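# Report on the structure
The primary structure of each chain is shown beneath.
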Amino acid sequence: MRQSRRWLLIWAAGLLLLFGPTSLRSLQPEPGPAYTPPAIATAALAATPVPTVTAAALADQPVEPATARPGPVVVDLAHYSDLERDRFHALAGSLAARGIGLRFWLPTVPLDSVPSFAAFPDQSAELHKILADASALVVVSPFFLYNRQEIQVVERFLIDGGRLLLISDPDVESDAARDTNSLALPFDIVFQEDYLYDVADNDANYTHFFQGSYLDQAAELAGSRIGFYGGRSIEGAVLPQVRSAPSTLSSLRTGQNAFTTVAIGGRPGSRTAGRVLALSDFDVLTDPYVARHDNRRMLDFVAAFLAGGQRSQTIVDFPEFLGPQVALVVVSDEAAGAPSIRQAAALQLLLERSGRTLHLGITRWLTDSLSAPNADLLVVARYQEIDKRSSLLADAGFVLQQGPAPLPGDTPSPPTATPQRAAPPPLPPTPAAFPAKPLPATTDPPRFSASQAGRVAVGQPATHAPLSETEPPPTEPAAPPEFAPAAPPEPALYLVQQDGIQLLASETLLFLQRSETGGRRLLALLAASEVSLQTGLQRLLDQDFSNCLVQDELAVCPVDSTTSAQPPAPTPAPTPAPTNAALAAPPEASAAAPILVVDDNLNASAEEISEAALYAELLATAGYTAEVWATRTDGLPSVEELTRHSWVIWSDAAYAQSGIQGESLRLLSELINAGGKVTIGSRMPFFGVGGEAASPIIDLQVAEGLSALVAGLPTEPIELPDGLPAVVPLERSPDVSTGASIALRRGPASLAADAPAVMLYTDENFEAPKGARLLLVGLALTWLPSEVSAQLVQNMAAVMLAYREHPSE
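Residues numbered from 1 in each chain as written. Predicted model: local features only at pLDDT ≥ 70, side-chain atom pairs only at ≥ 80, totals over all residues. Heavy atoms only, no water.

### Side note on the packing of helix α11 (residues 611-621) against helix α16 (residues 786-801)
Remark: α11 packs on α16, axes separated minimally by 9 Å, with the N-to-C direction vectors making an angle of 75°. By the angle between their axes, α11 is roughly perpendicular relative to α16. Counted together, Y615, L618 and L619 of α11 and S789, A790, V793, M796 and A797 of α16 form the full contact between these two elements. Of the residues in the contact of α11 with α16, the class split is seven nonpolar, one polar and no charged. (Axes fitted to C-alpha atoms, helices over the stretch in contact; angles between N-to-C directions. Helix = DSSP H or I, 4+ residues; strand = E, 2+ residues; numbered from the N terminus. Parallel < 35°, antiparallel > 145°, perpendicular 65-115°, else oblique. Contact = heavy atoms within 4.5 Å. Nonpolar A, V, L, I, M, F, W, Y, C, P; charged D, E, K, R; others polar.)

Okay, here's the thing in structure tokens:
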């Protein structure tokens, strides 16, 4: 009975579960209208919580007359900034409105070939090439550091009038302030490792902070509301342009506000001041942020800075010196051949790519009218023809003269060959420890070829051995042989400068530029033959001025060795050794690398006199070949380059900014430690500088410490010109371990009388001497009387190039 009741309950529950829901729904009231979801607008990706300015039609840009397009702004992505190129569209547009293009320097180094962060290869050569025609450089949060060589390229670019925009943005994946500082620190700019934030007044995110004050060149932005979307603070010897709002704080620099976020930097001493703009946010220059608030005004400020660079338009910047219309003027009565036509076509293409138009000119531009009267001139001519028709050569300081053809011994080696120092004439035996050759009473001006006028700046004059006086005369006159006399050699053509230096015309290319009355500009290529002119045109096409002496309006280049083959110079006869056994030269001395004269003119003005040129000239007169390296055009030489030479002369003493420091100091230190022979001509040589105050050198007197360096110099005080700059004296009591010897001291009329002025250091007292010699010349060679400087340089060569057991004797 109880079992039956339990089954009955189960059956009733089943019926309820089966029919209950249906019965319940039948008791519900009628349903209302169906649910309709609310309308949702299409997503606006650029929408933000703060309204932006109302869209307005763009104003028509004024159409300006056609001009040569300025150089582009180069963006460095080659150091692997983690940025896409499309993020620069807004900046490209603002620059385009100013007639300037944007060019990307893309990576060429595969990352899988870089074994470590510090092993990224040097790209200075590529950087130099891409900046050749640029007006500005943009570097944003580089992943790999800039090395010393690349920094030097940037420094030269800025000195030449370029601009640099440096950005360290903490929101960029590749960013690290310390890495960007590898390029910023040389210009006295420091990006801090913080980030800025504002919890009181921000653009919908506490790291999106507003700027508070606008200074200096950015004062025109006063009253603007400009936001930065992730940024850091900037310090250093800078001119603040923009500071953050008072409520903005730093993640690291607690208790401070009003941080510099935009600054202008650069070092006045290196003529880079005012040419570097530091910015701590990149987003403000990009879409969509540039359209918010007044941010476009910051974009325009940055673009205007980049567009404000004015490169010095020297010859090496071809064709930047020329205007939009260029007339090619070939001064020649000969018909142009196929090679000339091909080069003219290539030249036309090069000019068109730079926004210029090439016109064919005439051969007498001084008297006839051109097809393009307002065009600038590109003149191509041989020396003889241009000298008959214009004063170009005379205006540049050259006179065209004929003279005897150079002897084989005078013929320089091709420019590609490593120049060798000619053996100096034998020194007469004297009782002095370092015998010195007396100066000749008169000397002819040395003649140089252009292959010796580039980095190889000077060469040796010809020497002719006298006929033997002991040869007995013949007992009977012999009948002369019957043959036709040899024709005398044709006279050679020389370019003679006002200072007497002569260049062999057949091996010399001249590039001249000048501005004529009325604003017309002229660039002339001059050479001795049609073949040489083709070589010069190829240099213009390749923009290749290597191995050339370059000034602002003059370049002297060697003719390529393939176009002016010369017989090899005969091996000079061995030089007899002096009687003093201590001076016996080692067997390898005659094959030693040439002398290198480093003209440290990077910070020198164009008007200043080069002491290095005087060193090179006097060495040539004494019979040596010297190679001149100018830091303004060649950069700093590497240690490997320095060690190739038997003797390195580092010169800056005649320049207003004189002193050995930084990278120059490191290079010289490594060379000395490797056993190099170095002469430093500087008013602040770093080595051997004493603790006395700077004072002018009134006179000099010979010391007794090193007679070899003063042989042939006056024994009475040597008076110097008035008005010379003050110089810190060299140390009076050098350490004995340096093997120091004093050659010249300040004279009795000088304030720091008896203080050393010329000293020689050696490593002979070291545990492991390497033969290193350091000769300090604490004054400019150009201050000395001409006969004194000539004798002193001759003595220097004898001391620095001779092998000695005891150099201090």
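Still more to cover.
### A word on α11
Every buried residue belonging to α11 is among E611, A612, Y615, A616, L618, L619 and A620, and all of these are buried. With a side-chain oxygen lying 3.3 Å from the backbone nitrogen of A612, the N-terminal cap of α11 falls on S610. (Buried < 20%, exposed > 50% of the residue type's maximum accessible area, 1.4 Å probe, protein only. Polar contact = N/O pair within 3.5 Å; in protein donor to acceptor, adjacent residues only side chain to side chain.)

### With respect to the sheet that holds strand β3 (residues 136-140)
Pairing is mixed across the open sheet formed by nine strands, whose spatial order is β2-β1-β3-β4-β13-β12-β10-β7-β8. Only two strands of the sheet have a single partner each, and these edge strands are β2 (102-105) and β8 (227-229). Taken pair by pair, the neighbouring strands of this sheet meet at an average axis angle of 25°, ignoring direction. Examined bridge by bridge, strand β1 (residues 73-76) and β2 share four bridges and lie parallel to one another. Bridge pairing in β2 places D76 opposite W105. Relative to the sheet, helix α5 (residues 177-184) contacts β3 and β4 (163-167), its axis offset from that of β4 by approximately 165°. (Pairing = 2+ DSSP bridges.)

### Notes on the nonpolar core
It is characteristic of soluble globular proteins that their nonpolar side chains tend to be buried jointly. Core analysis: the biggest nonpolar cluster contains 46 residues, and I595, V597, L619, W647, L700 and L779 have the highest contact counts within it. Ranked by the residues each element gives to this core, the list is headed by α16, at nine residues. Excluding residues that lie within four positions of it along the chain, L619 makes contacts with I595, V597, Y624, A626, W647, I649, V793 and A797. One finds V73, V75, L83 and I264 within the second-largest nonpolar core, a separate group that totals 39 residues. (Core = buried A, V, L, I, M, F, W, Y, C linked by side-chain atoms within 4.5 Å.)

### A closer look at the sheet that holds strand β15 (residues 357-360)
Read from one edge to the other, the open sheet built from seven strands follows the order β15-β14-β16-β23-β22-β25-β24, with strand pairing classed as mixed. A single partner strand is all that each edge strand has here, and the edge strands are β15 and β24 (549-550). Bridge count between strand β16 (residues 376-382) and strand β23 (residues 521-527): six bridges; the pairing is parallel. For R382, the partnering residue across the bridge sits in β23 and is A527. Along the sheet, helix α10 (residues 530-542) makes contact with β16, β22 (508-515), β23 and β25 (554-558), crossing β22 at roughly 60°.

### Re the packing of helix α2 (residues 89-96) against helix α6 (residues 295-307)
When two helices pack together, their arrangement is captured by the angle between the axes and the distance separating the axes. Contact geometry for α2 and α6: axes closest at 9 Å, N-to-C directions at 60°. What the angle tells us is that α2 and α6 run oblique. For the crossing formed where α2 meets α6, the hand is right-handed. For the pair α2 and α6, contact is made by A90, L91, S94 and L95 and by L299, D300, A303 and L306, respectively. By residue class, the composition of the contact of α2 with α6 is six nonpolar, one polar and one charged. (Left-handed = near helix turned anticlockwise from the far one by under 90°.)

### Overview of the state of the cysteines
With the rule as written, the count across this model stands at one disulfide. With its sulfur 2.1 Å from that of its partner, C548 forms a disulfide with C557. Between C548 and C557, the S-S torsion sits near 120°, and that sign places the bridge as right-handed. The class for C548 is buried, based on a relative accessible area of 9%. (Disulfide = S-S within 2.5 Å.)

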